[in-house]
Amino acid sequence: MATITSAGVGSGLDLESIIQASLDAENLPKLQSFDEKETSLNIELSALGAVKSSLSSLQDVIEKLADIENFNKRTANVTQPSSGDIIDVSATSDSTSGNFDIEVLQTAQGSRAVSADGVYADPTDVVSATGGNLTIAAGDKSFTVAIAAGATLEEVREAINDASDNIGVSVNIINTGGDTPSSKLVFSSNTTGSGNDLVITNDNADFDAISTDAFAGGAGGLTIAAEDAAQDAIIEIDGIAVTSDTNTFNDAIQDVNIRVLKASEDGETASLNIDVDSAGVESLIGEFITAFNNVMGTVDYHTQASAALNGDSTMRSLESGLFSVLSSTVSGAGNFETLYDVGLGLNRDGELEKESLVRSLSDALTENYDDVGAIFAGDNGIAVQFESFLEGYLNSDGTLKSRENSLEADLDQLEDDVANHDYRMEQLELTLRERYTALDVLIAEMQSSSSYLQAQLANLPGFTSKS
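Fair warning: this is a prediction, and the values are worked out from it, not measured in the lab. Once a new chain begins, its residue numbering starts again from 1 and follows that chain's sequence as written. Only residues with pLDDT of at least 70 are given local features in this predicted model, and only at 80 or more are side-chain atom pairs given and counted; all residues enter the totals for whole chains, interfaces and linings. As a convention, hydrogens and water are excluded, and side-chain values are obtained from all of the structure's heavy atoms.

Engineer: I tried to follow the pattern of salt bridges on my own but got confused; where do I start?
Structural biologist: When their charged atoms lie close together, side chains carrying opposite charge are able to pair. The term salt bridge refers to a pairing of a side-chain nitrogen on Lys or Arg with a carboxyl oxygen on Asp or Glu at a separation within 4 Å. Scanning all chains against the criterion turns up 11 salt bridges. For Lys64, the salt bridge identified is with Glu287, shortest N-O distance 3.8 Å. On the criterion of sequence distance, the pair formed by Lys64 in helix 1 (residues 15–65) and Glu287 in helix 4 (residues 278–303) is long-range, its members being 223 residues apart. The shortest N-O distance in the salt bridge between Asp88 and Arg259 comes to 3.7 Å. Placement of the pair is Asp88 in strand 2 (residues 87–91) and Arg259 in strand 13 (residues 256–260), with a sequence separation of 171 residues. Buried residues are those whose accessible area, probed at 1.4 Å on protein chains only, stays under 20% of the maximum for their type, while exposed residues exceed 50% and partly exposed ones sit between those limits. Classification of Arg259 as partly exposed rests on a relative accessible area of 41%. Sharing partners across several salt bridges, the network here consists of Glu44, Asp312 and Arg403. A run of H or I in DSSP becomes a helix once it reaches four residues, and a run of E becomes a strand once it reaches two; helices and strands are each numbered from the N terminus.

Listed below in structure tokens is the structure:
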């Protein structure tokens, strides 16, 4: 607060202490009241925030439980042979449960073409003095590369590998060394499948040695060995042969994707089991149980005696509503009507757990998996009901948001009240100082007059001053 002057200088009285005591008597109780109210509002706001956060976590899990696709997932469990992994399998939500033995007879591969011995002794050998074009094809794809006049074997390799429209063909040079060294050009294609061998043609006979087809007709100098020919992947599923021009088999088993990794050794097979994702669903329901218990624990903590939300009607309604939805009945789920029927129950502490007096959750998933899904994600399933209930509390215009808005408005109003109080105290100090300054002057004048009178009287004949 502003200090106008130092009161009491003229009179010698301790007027500053009197002014401060007067101000404190008016100010301190009010400040304490403001502090207590601010603390109370912030604690209540924090408590509501904790409850809201726990409800949001529950809502996140509920959204997953309300999605029937999370109950339609299928798992593909593969037992690989002792020689190592031969297949990788993924299932879809439409996959049908079943068991299969799969043998990989051969993997898909692209073709490999190699130039003849002795044609080129070194990578720096010139291929053609005049230049021309090589057209490289595999299956229904092709591209053409211009080879400059005087290009060396190494430059031919680089031109093909660096072609912007290359269809997946790589070229390498293998140097044999020895007494009669030879540099062999090797073409490798990633276009797999039977009948998709490399075909390399040219428009200049100088390139016949690095072509599969000669310019004038007939075979060129590049050859594809039998073991290097492009081939299909072949697997046997329970003894039924299936082919694919790639190492991926989509729908060989309907709605199942199989990727071949390597050929089986000595007729070994991989065992494939397609089944519902019981473990995933049980884990998801476990998340729901944890989130629900967390909400109830958070509410109980903040509504206990002397807590910020003790006796709060909103919290009572919330708890009551949560248990009401938890205990609600559902139709269209076979013999299951409530969550307690699928193995969920409340223990002595009132916490939700994965076992009831009727059965355990694991038993329910084993016996009636689809009906468990219907209990949660059916048209009027428990999760769907929870979604609707929680939206009433968590939406932007929901109950908890309205409470938060109201508390924040109270804090804003309290800030205004404090500012107004500070102004009133400044005005009170001004008033007090004006009054006590006037009193100070009056007393000082009276003291001065008294001293003057005493001095005058002392000069009168026969006046004796008392010491």
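Engineer: What is the right way to look at the nonpolar core in this model?
Structural biologist: Inside soluble globular proteins, nonpolar side chains tend to come together where they are buried. Counting residues in each nonpolar core, the largest one holds 57 residues, and the members touching the most others are Leu65, Phe288, Leu322 and Phe376. With 11 residues, the top contributor of residues to this core is helix 1. Throughout this description, the term nonpolar core refers to a set of buried Ala, Val, Leu, Ile, Met, Phe, Trp, Tyr and Cys residues connected via side-chain atoms within 4.5 Å. Within the second largest apolar cluster, 26 residues are counted, among which are Ala151, Val156, Leu185 and Phe207.

Engineer: Would you explain the pairing of strand 8 (residues 183–189) in this entry?
Structural biologist: Walk down a regular strand and you will see the side chains alternate between the two sheet faces. Across the seven residues that make up strand 8, a large majority, six, are buried. Pairing analysis gives three bridges linking strand 4 (residues 112–114) to strand 8, with the strands arranged antiparallel. Considered in strand 8, the bridge of Ala113 is made with Phe187. For two strands to pair, DSSP has to find at least two bridges joining them. Sheet analysis places strand 7 (residues 169–175) next to strand 8, joined by seven bridges and oriented antiparallel.

Engineer: Help me understand the packing of aromatic side chains, please; the structure alone is not making it clear to me.
Structural biologist: By convention here, two paired aromatic rings are described through the distance between centres and the angle between planes. Between the rings of Phe, Tyr and Trp (Trp by its six-membered ring), a pair exists once the centres lie within 6.5 Å; its type follows the angle of the planes, with under 30 degrees stacked, over 60 edge-to-face, and the other angles tilted. For the structure on display, the rule yields seven aromatic pairs. On the numbers, 6.2 Å between centres and 15° between planes, the contact of Phe71 with Phe376 is stacked. Of the two residues, Phe71 is situated in helix 2 (residues 69–72) and Phe376 in helix 7 (residues 369–377); the sequence distance between them amounts to 305 residues. Here Phe71 and Phe376 have matching classes, each one buried.

Engineer: Looking at this model, I keep getting lost on the side chain of Gln59. Mind explaining?
Structural biologist: Tracing the backbone shows Gln59 in helix 1. In this description, contact between two residues means that some pair of their heavy atoms is separated by no more than 4.5 Å. If we ignore the near neighbours within four places in the chain, the residues touching Gln59 are Leu390, Glu391 and Leu394.

Engineer: Explain the packing of helix 1 against helix 4 here, please?
Structural biologist: When two helices pack together, their arrangement is given by the angle between the helix axes and the distance between those axes. Whenever a helix is involved, its axis is fitted only over the stretch in contact; in every case the axis is a line through C-alpha atoms, and angles between N-to-C directions fall within 0 to 180 degrees. Relative orientation of the contacting elements helix 1 and helix 4 amounts to 165°, with a least axis distance of 9 Å. Classified by the angle between their axes, helix 1 and helix 4 sit roughly antiparallel to one another. When the axes of helix 1 and helix 4 are compared, the crossing they make is left-handed. Of helix 4, the residues touching helix 1 (which contributes Ala47, Ala50, Val51, Ser54, Leu55, Ser57, Leu58, Val61, Ile62, Lys64 and Leu65) are Leu284, Ile285, Glu287, Phe288, Ala291, Phe292, Asn294, Val295, Thr298, Val299 and His302. Residue classes follow a fixed rule: Ala, Val, Leu, Ile, Met, Phe, Trp, Tyr, Cys and Pro count as nonpolar, while Asp, Glu, Lys and Arg count as charged, and any other residue, Gly among them, counts as polar. Classifying every residue of the contact of helix 1 with helix 4 gives 15 nonpolar, five polar and two charged. The scheme is simple: roughly parallel for angles under 35 degrees, roughly antiparallel for over 145, roughly perpendicular for 65 to 115, oblique for anything else. Crossings are classed by handedness, with left-handed meaning an anticlockwise turn of the near helix from the far one by less than a right angle and right-handed meaning a clockwise turn.

Engineer: For this particular structure, what's the right way to read the packing of helix 4 against helix 5 (residues 313–326)?
Structural biologist: The contact between helix 4 and helix 5 brings their axes to 10 Å, and the two run at 155°. With respect to each other, helix 4 and helix 5 are oriented roughly antiparallel. In the packing of helix 4 onto helix 5, the handedness of the crossing is left-handed. Packed against helix 4, whose contacting residues are Phe288, Phe292, Val295, Met296, Val299, Asp300 and Thr303, the element helix 5 presents Met315, Leu318, Glu319, Leu322, Phe323 and Leu326 at the interface.

Engineer: What am I meant to see in unusual backbone geometry here?
Structural biologist: What is expected of a backbone is that most residues other than glycine have negative phi and most peptide bonds are trans. In this structure, Asp238 is a non-glycine residue whose phi angle is positive, near 50°. For Asp238, the position within the fold is in the loop between strand 10 (233–237) and strand 11 (240–244). When its relative accessible area of 47% is taken as the criterion, Asp238 is described as partly exposed. Even without a glycine there, the phi angle at Asp266 is positive, about 55°. The residue Asp266 is located in the loop between strand 13 and strand 14 (270–276) in this model.

Engineer: Quick question: what am I supposed to make of a nonpolar patch on the surface here?
Structural biologist: A contiguous nonpolar patch, built from Leu439, Leu442 and Met446 and spanning about 270 Å² of accessible area, is present on the exposed surface. You can see Leu439 is positioned in helix 9 (residues 399–458). Residue Leu439 is classed as partly exposed on the basis of its relative accessible area of 35%. Exposure above 30% relative accessible area and no salt bridge define the residues that can form patches, which grow by joining like charges within 9 Å and nonpolar side chains of Val, Leu, Ile, Met, Phe, Trp and Tyr within 5 Å. Residue-level accessible areas treat just the shown protein chains as cover; the underlying method is Shrake-Rupley with a 1.4 Å probe.

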